[in-house]
Amino acid sequence: MGQSELSSSILGPLKLFTVIFFLALAAVARAADAPAPPKEPVFVGSDVCKACHTPQFEKFAETQMGKIFLFNARTLREKQACESCHGPGSNHVEAGGGRGVGGLITFRKDAEPGKVQNGACLQCHEKGMHTYWEASPHASRGLTCTNCHTVMHKTTDRYQLAKVDDKTPFFWKRADIEVCGQCHLQRKAQLLRSSHMPLREGKIGCSDCHNPHGTPNPSQLKQASVNENCYTCHTERRGPFLWEHPPVFENCTNCHEPHGSVNDRLLKVTDPRLCTQCHIATQHPATPRGKNSVFFFNRSCTNCHSQIHGSNHPAGIFFQR
Amino acid sequence: MKWKTIAVIAGLATSLVLAFSTVIRAEVELGDTVVSGALEVGALPGHRSGSEAKFDEYRDTRINGWIVPELQLLIGGKKNDFFASFDSTKPGYRDQNYRLRFGLYGLLDVEAEWDQIPHLFSEGVARTPYRRDGGTFHLDTKPTSNTSTGTPCDTQPATNFCHFLDKDNTRKVDLGLLYGIGRFKIKYTPIPGWTFSGGYGSQHVVGDRAFATLFGPSPGNYNIVELPEPIEYQMHNIELGGEFAADNWSLGLRYNGSFFHNDISTLIFDNPLNRSGVGAGCSDSGFYSNATTGVDANRGPCRGRMDLYPSNQAHTFTLSGAANLPWKTRFMGTASYGWRLQDDKFLPFTSNSDIVQPSISAHSLNGDVRPTMINATLVNNAVDHLNLKAFYRFYDLDNRSRRVSFPDGIVINDQAGTFAAPNCPTVTPPGGAPTGCPEAGEKTKPFAYSKQTVGFDAGYDLTRWLAVKIGTGWERMHREFREVFNTDEYGVGPTVDIKPFSSLLFRASYRHSWRNPSHYELDEENLAKKFDEARRDRDRASLFAQYTPWDLLTLYAGFEFTRDDYPDSQLGTQNDFNYSPSVGFSLMPTSWIKVFGDYNWDRFDWDMKAIQRTATSQNPSNSCPGGGAPTRCWSSQGLDKIQTVSAGTDVTIIENILAFRIQYGYSFGTSRVNASGATCGGCTPATNYPTIKNTWHEMLARFEYQIHKNVGLKVGYYFNHATDRDHGVDIMKQWMGDVDTGASVQRSVFLGDRVKGPFTTHVGFVALRFSF
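Source: prediction; values computed, not measured.

Asker: Sorry, what's going on with the overall build of chain B here?
Answerer: Helix and strand content of chain B: 5 helices and 36 strands. Expressed as a percentage of the 772 residues in chain B, the buried residues total 50%. For chain B, restricting intrachain contacts to residue pairs at least 6 apart in sequence, the fraction spanning at least 24 positions comes to 65%. Carbon and sulfur atoms make up 59% of the accessible area of chain B, which totals about 33700 Å².

Structural data, given as structure tokens:
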């Protein structure tokens, strides 16, 4: 092997070794400069939080949750107060505070994944009417609890909704309807239809029929079926009757649109066409009637068949008695 | 009340308050409690023209009257251990509300509420010749002639039927209901984890509601009697429940009992067409006669009898629970079982003494329906960013009510066997037993159904800002005593949620489902595949977008679409679709002004086919175009279009002192029904109906001025205008002589209640709010 060959055989590895050496040196230097991994945070107590976040603390103290956490706590989680939702605060305090410092859970819009934010609430609120939250359409679409509720200051008398009631002598815009109407725009518009239930008068709200936190029932209804939901107020139509009208017996929404309709009596389709959709027996059911016909004006088919929801009269086979 | 008087009173009140304001403090301390509250007192000077029924449909707005919009009292312990609040809205008004709530934080929560909901149907419009005594409607006089032809009433003889319905012979009747609802709820958490709840609710409904019934063998005689049905309902509801919740599981049991009682369950009403006499002087006839001239006593029964809603009760037990399982799995389950019971004694078939009562196999229904619901749901998040959900649901409505049979047939409309049913023979001798009466051998059908639903969803967060989900499902509906025994419906569809920035959100979902009946039982009489059972293809889509380019501006838009197609339905509903786009915005250019508005357009189209039949042999294959003459088929299309606008602004003129708010709402809806066809000789041609139109305008503008820290002044103006155009209602008169174009004589009694008419209201609002 000549001298030049010897040089090239040594230089290659030497260059490689040099590069590796300096890279390692740099890595060691970076490691030396890198901050130490965060300590496992511990709870510091809500008085510490109050010292810096006094206005928020005082507003929170006026809410129902605040009254429980700060003055009437019975469980360990409740006693943790601020930190039961935001997480242990020692790292945040030691770092001198600041937004996003210390690994606290924050509930600002999109600051954390929805599941993390919701997880804080679900520690306590995963029972009762919130049992089915994980299975609900709202959860599956990534909604957070704070989309509908506020926690840190008092809003509505109940449920801490993100909107407030607007009561006037003429109408009552309920907070729950305003909250739902943020996304359910068509339903919100339906409230102003000519035929409507008293939602815009504030007498009932969305949450009288639906549980937005999830239920095992279709459309997040509170009751097991559409009809059972309607029977909570319209109990007279529950029957059972001697003569039942099958589409009524099965589902009120076969004929009615409960959110509001341009047709009278919340009907989906104006009568007599509502009835003609199914009834084409001989004689009058399927005869088209003129606009001045008794089969059309006033109450149309129910001018005669008034017991259309069912009759308990032996002679009520055609819902006329 | 004059404006000047109001101004003087308001000024005096304000002066008094200001003079004594030093003694009013925010929150008063009484021993260990802190008391605060507010009282608002005001007046509503104004003017309304037109119909009141629509204006005050669900509210009580006493124009030119005093009002207490709100009364509030809050009591809290200084140690923040207990709370009590009392809230009242519009006390003394028909829509008044009172709520009392008290408890110990975290331990006990008690709430009692009294709420009233008026529901006004008509005021000052409806009239009736009947005199009501409980559930009985008497005619103290009867028409001496039973003819009413197409000429105006005032040109006809005074003894004519329509004169029987003159203003002088009728009484004004206002129609409406008042719901009085009482609720009591208690929630007790004695130790963490355990929650007990109970509640009692009662609902008392009183009033009158219009309904109609029929005398006569055929609807062509228009022997309709419309009456104000007296309503007196009592409903009671009891709820008891308990739940235990540990860290990872919970279990609860609940009972609900519901009791309905109808204080007036039978309605008796005189027949105006039986002119043999009044009250006890009347004599029944088993037959109707179509004679139009001369004294004719054979006009059916002296009176009719209606069975109103029977009293009933329901009981339900519900067991529900959930558990957090390994591998980030959560199980949720519910099982409920109930009873719906009703056993009111049957009325006799008829009160017509000229008819022998046919036999009936039972004296009551012994109504017993058992709803059962079972649900099991699993949600899993074991794999990061992957969410899986599976559920099974079973709902069964088991109808165990007695099957009642009618061996001799059924008396229809208090007459002896002349009803023109396909299986009914000709007239039987007067007063004789109805032989071969309609529906002889008929048995009731205890309809029942059960529904099984299975669903599976898989969702994946592709990135932090993009999530997709696919959902599938199957539902089997099983029915008893209907045309279709089983239907299976399958559905599948994706969902996408995109959130590239915190200021932009986009949501989209689509689902296609198709429903197949196993077999459809059609017969000569029943040719239509009913839309709730028939084969159906459904598409449903939903879009929502929200964009906040700057903190001060939010734009949002939505779109809902549903389309149903019934490909196998030759008759009945063919298809329907609905789409509804919405847009809106919220703008806050400065911290002291906010402007908001939204617009919604909604359209609903439907399409149906029918065939005008006089015999069961007529069907689409021999009576419709392409199937042979004559052409009996006809079609109808409906189109509902509604536009809704709402807008407003909130302005803080001087922070915490002076604010201004204006809100406007507008809705314009039309419902159009067109029809064409049925061109055979002797057929009634299908024609369009006049379009229904209704308009609603509402605006409220108000200033809120905080005169003093304890005294606020509200001054506002409210405008409300509505119109309703509905040909079927607008033409209503009680005797309807000049409306019906048919050749038959008109002999019906209507209330005329549905004529609502437009209204316009201008109302001022002046109120002082005292808070402490």
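After presenting the structure, the write-up continues.
Asker: Mind showing me how you'd approach the overall build of chain A here?
Answerer: Summing up its helical and strand segments, chain A has 14 helices and 2 strands in all. Against the 2.2 N^0.38 benchmark of 20 Å for 321 residues, chain A shows a C-alpha radius of gyration of 33 Å, more extended than a compact globule. Summarising its shape, the C-alpha atoms of chain A cover approximately 115 × 65 × 35 Å along the three principal directions. The buried share of chain A, taken over its 321 residues, is 48%. A separation threshold of at least 6 residues defines the contact pool for chain A, and within that pool the share at least 24 residues apart is 45%.

Asker: Honestly, the pattern of salt bridges in this entry has me stumped. Any pointers?
Answerer: A pair can form between side chains of opposite charge whenever their charged atoms are brought close. Tallied over the entire structure, the rule returns 56 salt bridges over all chains. One salt bridge connects A:D166 with B:R702, and the closest N-O pair in it is separated by 2.8 Å. Taken together, the residues span two chains, with A:D166 in strand β1 (residues 166-167) and B:R702 in strand β34 (residues 689-708). Each of the two residues, A:D166 as well as B:R702, counts as buried. Note that A:R193 and B:D602 form a salt bridge whose closest N and O atoms lie 3.1 Å from each other. With A:R193 in the loop between α11 (185-190) and α12 (226-231) and B:D602 in strand β31 (residues 593-611), this residue pair bridges two chains.

Asker: Explanation requested: the environment of B:W514 in the structure shown.
Answerer: Residues and elements named next belong to chain B. Residue position: W514 is located in strand β27 (residues 504-517). Judged by its relative accessible area of 31%, W514 is partly exposed. Aside from chain neighbours lying at most four places away, what touches W514 is D488, E489, Y490, V492, R536 and D537.

Asker: Hey, could you run me through the environment of A:V262 in this one?
Answerer: By secondary structure assignment, the location of A:V262 is in the loop between α13 (246-250) and α14 (273-276). Take A:V262: its relative accessible area is 5%, and that puts it in the buried class.

Asker: It is not clear to me how the interface of chain A and chain B should be interpreted in this structure. Could you clarify?
Answerer: Interfaces are often sized by the accessible area lost when the parts come together. Facing the 117 residues of chain A at the interface are 199 residues of chain B. Area buried by chain A at its contact with chain B is led by A:R141, A:F170 and A:R321, which between them contribute 6% of it. Counting the contacts that link chain A with chain B gives 17 salt bridges. One salt bridge in this structure joins A:E228 and B:R340, with 3.6 Å as the shortest N-O distance. Here chain A is connected to chain B by 72 residue pairs in polar contact (both at pLDDT 80 or more).

Asker: Just checking my understanding: could you explain the state of the cysteines for this structure?
Answerer: Enumeration over the complete set of coordinates arrives at 3 disulfides over all chains. Note on cysteine connectivity: B:C624 is disulfide-linked to B:C633, with sulfurs 1.6 Å apart. The disulfide joining B:C624 to B:C633 has a torsion of about 55° about its S-S bond and is therefore right-handed. Comparing B:C624 with B:C633, the two get one shared label, buried. Cysteine A:C255 remains unbridged, with the sulfur of A:C275 as its closest cysteine sulfur at 7.4 Å. A:C275 takes part in no disulfide bond, and the closest cysteine sulfur, belonging to A:C301, lies 3.5 Å away. A:C275 gets classed as partly exposed once you look at its relative accessible area, which sits at 25%.

Asker: When you look at helix α8 (residues 114-122) of chain A in this model, what are you seeing that I'm missing?
Answerer: One turn of an α-helix holds 3.6 residues; hence residues three or four places apart share an orientation. Among all positions in α8(A), only A:Q117, A:N118, A:A120 and A:L122 are buried. Where α8(A) is buried, its residues meet α6 (82-86) of chain A.

Asker: Can you help me understand the pairing of strand β30 (residues 572-590) of chain B in this one?
Answerer: Each regular strand displays side chains that alternate between the two surfaces of the sheet. Residues and elements named next belong to chain B. Sheet analysis places strand β29 (residues 553-565) next to β30, joined by 13 bridges and oriented antiparallel. Bridged to T562 within β30 is N578. Between β29 and β30, which pair antiparallel in sequence order, lie 6 residues. One ladder, built from 14 bridges, connects β30 with β31; its direction is antiparallel. When the bridges of β31 are listed, S582 appears paired with N600. Here β30 folds back onto β31 in antiparallel fashion, the turn holding 2 residues.

Asker: How should I be thinking about the nonpolar core in this particular structure?
Answerer: General note: in soluble globular proteins, nonpolar side chains tend to be found buried as a group. Counting 25 residues, the largest nonpolar core has A:I280, B:L571, B:W606 and B:W634 as the members making the most contacts within it. It is β31(B) that contributes the most residues to this core, 5 residues altogether. Beyond its immediate stretch of four places on either side in the chain, B:W606 contacts A:V269, A:R273, B:N575, B:D576, B:S636, B:Q637, B:G638 and B:V673. B:M235, B:F260, B:Y309 and B:L751 belong to the second largest nonpolar core, which has 18 residues in total.

Asker: So what exactly am I meant to see when it comes to the packing of aromatic side chains here?
Answerer: How two aromatic rings sit relative to each other is set out by the distance from centre to centre and by the angle between their planes. Taken as a whole and assessed by the stated rule, the structure comprises 26 aromatic pairs over all chains. Relative to B:W339, the ring of B:F317 has its centre 6.3 Å away and its plane inclined at 85°; by these criteria the two rings are edge-to-face. Of this pair, B:F317 sits in strand β18 (residues 312-325) while B:W339 is found in strand β19 (residues 329-342), placing the two residues 22 residues apart along the sequence. Owing to a relative accessible area of 25%, B:W339 belongs among the partly exposed residues under this scheme. Feature note: the residues B:W194, B:F196, B:F244 and B:W249 constitute an aromatic cluster, connected by ring pairs. Sitting over the ring of A:W172, A:K167 keeps its end group 4.6 Å from the ring centre.

Asker: Where do I start with a nonpolar patch on the surface in this structure?
Answerer: Residue and element names in this part refer to chain B. Taken together, the side chains of I653, I654, I657, F703, Y705 and V715 make up a nonpolar region of the molecular surface, amounting to roughly 490 Å² of accessible area. For the nonpolar patch, the secondary-structure elements that each account for two or more residues are β32 (633-654) and β34. Relative to the helices and strands, I654 resides in strand β32.

The rules behind these values
Residues numbered from 1 in each chain as written. Chains lettered and ligands numbered in written order. Predicted model: local features only at pLDDT ≥ 70, side-chain atom pairs only at ≥ 80, totals over all residues. Heavy atoms only, no water. Helix = DSSP H or I, 4+ residues; strand = E, 2+ residues; numbered from the N terminus. Buried < 20%, exposed > 50% of the residue type's maximum accessible area, 1.4 Å probe, protein only. Contact = heavy atoms within 4.5 Å. Areas by Shrake-Rupley, 256 points an atom, 1.4 Å probe, with all protein chains shown as cover. Rg over C-alpha atoms; globule rule 2.2 N^0.38 Å. Salt bridge = Lys/Arg side-chain N within 4 Å of Asp/Glu carboxyl O. Buried area = accessible area lost by both parts, 1.4 Å probe. Polar contact = N/O pair within 3.5 Å; in protein donor to acceptor, adjacent residues only side chain to side chain. Disulfide = S-S within 2.5 Å. Pairing = 2+ DSSP bridges. Core = buried A, V, L, I, M, F, W, Y, C linked by side-chain atoms within 4.5 Å. Phe/Tyr/Trp six-rings, centres within 6.5 Å; stacked < 30°, edge-to-face > 60°. Lys NZ or Arg CZ within 6 Å of the ring centre and 35° of its normal. Patch = residues over 30% accessible without salt bridge, like charges linked within 9 Å, V, L, I, M, F, W, Y side chains within 5 Å.

None of the figures reported here should be taken as evidence of function without further support.
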